[in-house]
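Working through the structure, step by step
As a plain string of letters, each chain reads:
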Amino acid sequence: MISPPGALADIGHAVLRWFKGWWQIVHLGAQLLVLALSPSIYTRANRAAMARHIVVGTAPMLLWFTLLSSLISLVVIRIVVVTAASYGLSQYALQMVVRVLVLELIPLTAAVFVALRIGLPDGRELARMRSRGELDALRGRGLDPLAHEVLPRVIACAFAVLMLAAVAGVVTLVLAYFTVHGFTIGGLERYTRTVGQVFTPAVTLIFTAKTLLLALAVSLIPVASALYDLPRSRTRSSAELQALVRLFLVMLLIEAASLVGNYY
Amino acid sequence: MNAQPPAPPDPSPVAHLELKAALLLALLLLLLAGSVLYVMYARGVFEATQQLVLVADDSEGVTVGMDMTFSGFPIGRVRRIELAEDGAARIVIDVPKKDARWLRESSVFTLVRGLVGNVNIRAYSGVLGDPPLPDGAERRVLVGDATAEIPQLVAASRDLVRNLTALSNADSALTATLGNVQAASERLKGRHGALGVLLGNDEDARKLVAALDRTNALLARVDRLAARVDGVVAKADVQVFGPDGLMPETRAAIVQLNGTLADARNTLKQADRLLAEAQAVAANARVASADLGALRAEVESSLRKVDHLVGEINRKWPFARDTELKLR
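Residues numbered from 1 in each chain as written. Chains lettered and ligands numbered in written order. Predicted model: local features only at pLDDT ≥ 70, side-chain atom pairs only at ≥ 80, totals over all residues. Heavy atoms only, no water.

Another aspect to go through is the overall build of chain B. Check the secondary structure of chain B and you find six helices and seven strands. Along the chain direction, N to C, the helices and strands of chain B fall in the order α-β-β-β-β-β-β-β-α-α-α-α-α. Carbon together with sulfur atoms contributes 62% to the accessible area of chain B, which is approximately 24700 Å² in total. (Helix = DSSP H or I, 4+ residues; strand = E, 2+ residues; numbered from the N terminus. Areas by Shrake-Rupley, 256 points an atom, 1.4 Å probe, with all protein chains shown as cover.)

Structure (structure tokens):
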């Protein structure tokens, strides 16, 4: 039996650990941001490492993700346009397509995709290196593991999110145009107007901020989970799964905030 | 167990690593820059625009960024909606210079609400030859709203129903009039009929009937009188125009008068002749009077000689006591 004061103390410890965990993530993010903004970090070796992570991480995914997102976009665009036309609201279909796909679905999909393909494997790799003492060895040689191992991975991961979102967004815009207007350039002016109506300054700002925050969350949280002994709940799930849950929670918050910002 | 070999630093060397990374970075930058420029273009940042202010009573449903159409083509977009000092809504619209030629001084702007609440701002230019709309022009927007009419319609119907109710009340003027009409129709069916309705009471109607009867009697007497007058006229006819009447005698008298007039005319002619003779006598008398002048001169000289002679005699006459000379 646990006495009530002991239970209270347990809850207090848990809350403290929870705050400490988030604080560690934020702290790591701040450290990495400072490192990324210092020109001295971009030595030849670091630049090579970044280039390797970017190419190895993003390039293989780019084609597949673009194809998959195009397929899904095509289906969604078709459904929306046909449904709107059946209600006689086809002039609003294009706006809805742009809003639903480009503003909401594509950044989220890109973030999830990158988290599963790059973020979590990177976190696992860093955790393994840490458990093998390689990071300590680096530190022993006078090299900062944050600068040489962590930062290239984080930057590559964030880059991948932005890249996939940008490519898929542009491809979806093109697909939406051809789905609605057919293979002609006659509707370009009207289509451009519609896009302009959707991307008001506020919406554009929120969209940009959301995509950047998603990229940051995807690249930072798995790495932070690997580097620190973040608090774990009593379940028997692995640290990796815990990081995933944490990541999804953050992504959900960002998405909810963006929706509130856009539509309230 | 723990003696795992450290992971190789570069497990899978990538060919042309730097180039590929640079290409990816360039692609991302290109996409981002292109997207930003495209959105700015789509928002009309690069277009030269002029302003148009539409004033409406109600800007409900109008959103910033929505289009103003002309013949179905978007030619402007709402930039700002503000409340004016007088409570009207001012809808500020940016019209690109290249599309502004469709807007003229005489253009009409409408704000139409659809049934599902969608709002359309439309411009109509009837006379494209009019002078173009100046920058910053302010125009009243006509609101065409299918549902906005409903409250007015309901209010008008309510008024109508109220009036009808007032008309059909028990104490209303219409009911009283109908009652009077009914009483009048009852009278029409009565003994004196329409006369009773016109005169109001039976006594007057009776008087009128009596007057009519007396008028009839009077007319009969007038008829008789007329017959007698006819007789008198016939007699007069005989006396005036009969064989021994006034007219033949008058005619004979006129014949006699004519004869008398002819005599008189003859007498007058004779008188004319007499006068002519008298004129001739007068002319002779005038000649004779001219001779008289000469004669008088001679008489005067003879007298003067006689006088002279008398004077001589007087001087020479011894008996004369008066010796003074008298001049005559």
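We now examine the interface of chain A and chain B. Contacts between chain A and chain B engage 31 residues on the former and 34 residues on the latter. When chain A packs against chain B, close to 2600 Å² is buried across both sides, 65% of that on carbon and sulfur atoms. The largest contributions to the chain A side of the interface with chain B come from Arg52(A), Val55(A) and Arg193(A), which together make up 24% of the buried area. Run the count over chain A and chain B and you get seven residue pairs in polar contact (both at pLDDT 80 or more). Take the side of chain A that touches chain B: its biggest share by element is nine residues, from helix H2 (residues 44–86) of chain A. When the residues that make up the side of chain A that touches chain B are grouped by side-chain class, the tally is 18 nonpolar, seven polar and six charged. (Contact = heavy atoms within 4.5 Å. Buried area = accessible area lost by both parts, 1.4 Å probe. Polar contact = N/O pair within 3.5 Å; in protein donor to acceptor, adjacent residues only side chain to side chain. Nonpolar A, V, L, I, M, F, W, Y, C, P; charged D, E, K, R; others polar.)

The next point concerns a nonpolar patch on the surface. Side chains of Val36(B), Leu37(B), Met40(B), Tyr41(B), Val45(B) and Phe46(B) sit close together on the surface and give an oily, nonpolar patch of about 570 Å² of accessible area. Checked against the element boundaries, Leu37(B) lands in helix H1 (residues 17–42). (Patch = residues over 30% accessible without salt bridge, like charges linked within 9 Å, V, L, I, M, F, W, Y side chains within 5 Å. Salt bridge = Lys/Arg side-chain N within 4 Å of Asp/Glu carboxyl O.)

The next thing to look at is the pattern of salt bridges. All names here are of chain A. Under the definition given, this model contains 20 salt bridges over all chains. A salt bridge links Lys210 to Glu255, with the nearest nitrogen and oxygen atoms 3.7 Å apart. With Lys210 in helix H7 (residues 201–227) and Glu255 in helix H8 (residues 239–263), this pair connects stretches of sequence that are 45 residues apart. Side by side, Lys210 and Glu255 carry an identical accessibility label, which is buried. Three or more residues joined by partner-sharing salt bridges are found here, namely Asp122, Glu125, Glu149 and Arg153. (Buried < 20%, exposed > 50% of the residue type's maximum accessible area, 1.4 Å probe, protein only.)

Quick look at the nonpolar core now. The nonpolar side chains of soluble globular proteins are, as a tendency, buried together. Membership of the largest hydrophobic core comes to 59 residues, with the highest contact counts inside it found for Leu28(A), Leu32(A), Val114(A), Val150(A) and Val218(A). Take this core: its biggest share by element is 17 residues, from helix H5 (residues 145–181) of chain A. Each residue touching Val114(A), except ones within four places of it in the same chain, is listed here: Met61(A), Gly119(A), Cys157(A), Ala160(A), Val161(A), Leu164(A) and Val218(A). Counting 22 residues, the second largest nonpolar core, distinct from the first, contains Val78(B), Phe109(B), Ile121(B) and Ala137(B). (Core = buried A, V, L, I, M, F, W, Y, C linked by side-chain atoms within 4.5 Å.)

Here the focus is the pairing of strand E2 (residues 67–70) of chain B. Burial of E2(B) is two-sided: the residues Asp67(B) and Thr69(B) facing one way and the residues Met68(B) and Phe70(B) facing the other way are all buried. Counting the residues in the hairpin turn of E2(B) and strand E3 (residues 73–83) of chain B gives two residues, including Ser71(B), whose phi is positive at 55°. (Pairing = 2+ DSSP bridges.)

With that settled, consider the packing of aromatic side chains. What the rule picks out here adds up to eight aromatic pairs over all chains. Every member of this aromatic cluster is reached through a ring pair, and the members are Tyr177(A), Phe178(A), Phe183(A) and Tyr191(A). The ring of Phe73(B) carries Arg190(A) above its face, with NZ or CZ at 5.6 Å from the centroid. One cation-aromatic arrangement involves Arg246(A) over Trp22(A); the distance from NZ or CZ to the ring centre is 5.2 Å. (Phe/Tyr/Trp six-rings, centres within 6.5 Å; stacked < 30°, edge-to-face > 60°. Lys NZ or Arg CZ within 6 Å of the ring centre and 35° of its normal.)

Right, let's get into the packing of helix H3 (residues 90–131) of chain A against H8(A). Packed helices, taken two at a time, are described by their axes: the angle between them and the distance between them. Residue and element names in this part refer to chain A. Contact geometry for H3 and H8: axes closest at 11 Å, N-to-C directions at 160°. Relative to H8, the element H3 lies roughly antiparallel. Relative to H8, H3 is oriented so that their crossing is right-handed. Contacts between H3 and H8 involve Arg99, Glu104, Leu108, Ala111, Val112, Ala115, Leu116, Leu120 and Arg124 on the former and, on the latter, Glu240, Ala243, Leu244, Leu247, Phe248, Met251, Glu255, Ser258, Leu259, Asn262 and Tyr263. (Axes fitted to C-alpha atoms, helices over the stretch in contact; angles between N-to-C directions. Parallel < 35°, antiparallel > 145°, perpendicular 65-115°, else oblique. Left-handed = near helix turned anticlockwise from the far one by under 90°.)

Turning to the confidence of the model for chain B, a few remarks are in order. All names here are of chain B. Confidence in the prediction of chain B, expressed as mean pLDDT, is 84, and 91% of residues score 70 or more. Of all the helices and strands in chain B, helix H4 (residues 193–199) carries the lowest mean pLDDT, 74, while H1 carries the highest, 92. Low confidence marks residues 1–8, where pLDDT is under 50. Its contacts with residues over four positions away, or in another chain, come to four contacts. Across the predicted assembly, pTM comes out at 0.63 and ipTM at 0.87. (pLDDT = per-residue confidence, 0-100.)

Residues and elements named next belong to chain B. Backbone geometry places Ser71, a non-glycine residue, at a positive phi of 55°. With respect to the helices and strands, the residue Ser71 is situated in the loop between E2 and E3. Exposure remark for Ser71: the relative accessible area of 60% places this residue in the exposed category.

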